[in-house]
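Residue strings, one per chain:
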Amino acid sequence: MDNYLRDRFRVVGAIAIVVAVITFFVLSFASSKEKYETAIVLKTLNSEIIQALLNSKNDNGIPGDWGWKNNSPSTKVIMRNFFKYLNVSNYCLDFDYGCFPVGGYSSLSGKNIAFNPMQYPSVQLSNGISIAVQAKGNCRKYNSVCALVYVDVNGADKPNVFGKDLFVFTIINNDTYAFVPYNNELSADMLKNDLLYGCNSNSESAMNCAAVISKNNWKIDSEYPW
């Protein structure tokens, strides 16, 4: 190989390395930006819903007084006492489409999950966030769970992954903080490593991820399984 060809290969190789490095940093920056924005959305929404539930308490009492029914979607209860206090732009009730993706969600490992929040009373807020509420019982006992709240930070848009754009909270029968991340009472280790709901890439559905982000002062750090 003459010097000319050798020099050409060196130049091409150097350019390829530079392109690869630039691509890596661009993708890393984009991912970091997405994580930051997701965490901010969750933090803001958490505060807004806590305030909405405090407003509802003034009119309707604490969540345990709302009239939840066992083995019932409690749609009227949810509409009257929760959705009414949110800035709703679209209602998706009775298996209606539009608030959540028709194709459902996948786990952090990419496995499809036979679950879609659109089976529950749902709304889309004016900021594009979708919320569905799964009633869990009459929740008369103080601090008992009244409902699971599924939050998709970008509505029906992709990626449609538990722990990336879909997060889970709970409404509990409490007069101060009636809205908390799912399994918020667990330790950080349990939240991350649970086989079914742990915030890790091997769990069935990462329902604990909102609690992990909350306990990390509403930040998604480098240890988060994104």
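Please refer to the structure higher up on the page.
Counting restarts for each chain: residues are numbered from 1 in the order of the written sequence. Given that the model is predicted, a residue must reach a pLDDT of at least 70 before its local features are reported, and side-chain atom pairs must reach 80 or more before they are shown or counted; all residues, however, enter totals for whole chains, interfaces and linings. Side-chain calculation: all heavy atoms of the structure are included, whereas hydrogens and water are not.

Novice: Whenever I open this one, the nonpolar core confuses me. Can you help?
Specialist: What tends to happen in soluble globular proteins is that the nonpolar side chains get buried as a cluster. Phe82 and Ile131 are the most contacted members of the largest nonpolar core, which totals 62 residues. Looking at this core, the elements with two or more residues in it are α1 (3–60), α2 (75–81), β1 (88–92), β4 (122–125), β5 (130–135), β6 (145–152), β7 (166–172) and α4 (209–215). Going along the chain from the N terminus, every DSSP run of H or I of four or more residues is numbered as a helix, and every run of E of two or more is numbered as a strand. With 7 residues, α1 is the largest single contributor of residues to this core. By definition in these notes, contact holds between two residues if any of their heavy atoms fall within 4.5 Å. Beyond its immediate sequence surroundings of up to four residues, Phe82 is in contact with Ile49, Leu53, Trp66, Val77, Ile131, Val133 and Ile171. The set of buried Ala, Val, Leu, Ile, Met, Phe, Trp, Tyr and Cys residues whose side-chain atoms join them within 4.5 Å is what this entry labels a nonpolar core. Note on classification: 1.4 Å probe, protein chains only; a residue is buried when its accessible area is under 20% of the maximum for its type, exposed when over 50%, partly exposed between these limits.

Novice: I'm lost on the packing of aromatic side chains in this one. Help?
Specialist: Each pair of aromatic rings is reported with the distance of its centres and the angle of its planes. Aromatic pairs are defined between Phe, Tyr and Trp rings, using the six-membered ring for Trp, whenever the two ring centres lie within 6.5 Å; interplanar angles under 30 degrees are classed as stacked, those over 60 as edge-to-face, and all others as tilted. Under the defined criterion, the tally for this structure stands at 10 aromatic pairs. The interplanar angle of 10° and the centroid separation of 6.0 Å between the aromatic rings of Tyr120 and Tyr150 together place this pair among those described as stacked. Of the two residues, Tyr120 is situated in the loop between β3 (112–113) and β4 and Tyr150 in strand β6; the sequence distance between them amounts to 30 residues. For Tyr150, a relative accessible area of 3% puts it in the buried group.

Novice: Would you mind going over the pairing of β5 with me for this structure?
Specialist: Here β5 lies mainly inside the structure; 6 of its 6 residues are buried. The side-chain alternation of β5 yields two buried faces, one formed by Ser130, Ala132 and Gln134 and the other by Ile131, Val133 and Ala135. Two elements, β4 and β5, share 3 bridges in a ladder whose sense is antiparallel. For Gln124, the partnering residue across the bridge sits in β5 and is Ser130. If DSSP finds at least two bridges between two strands, the strands pair.

Read these as layout, nothing more, since geometry by itself doesn't imply function.
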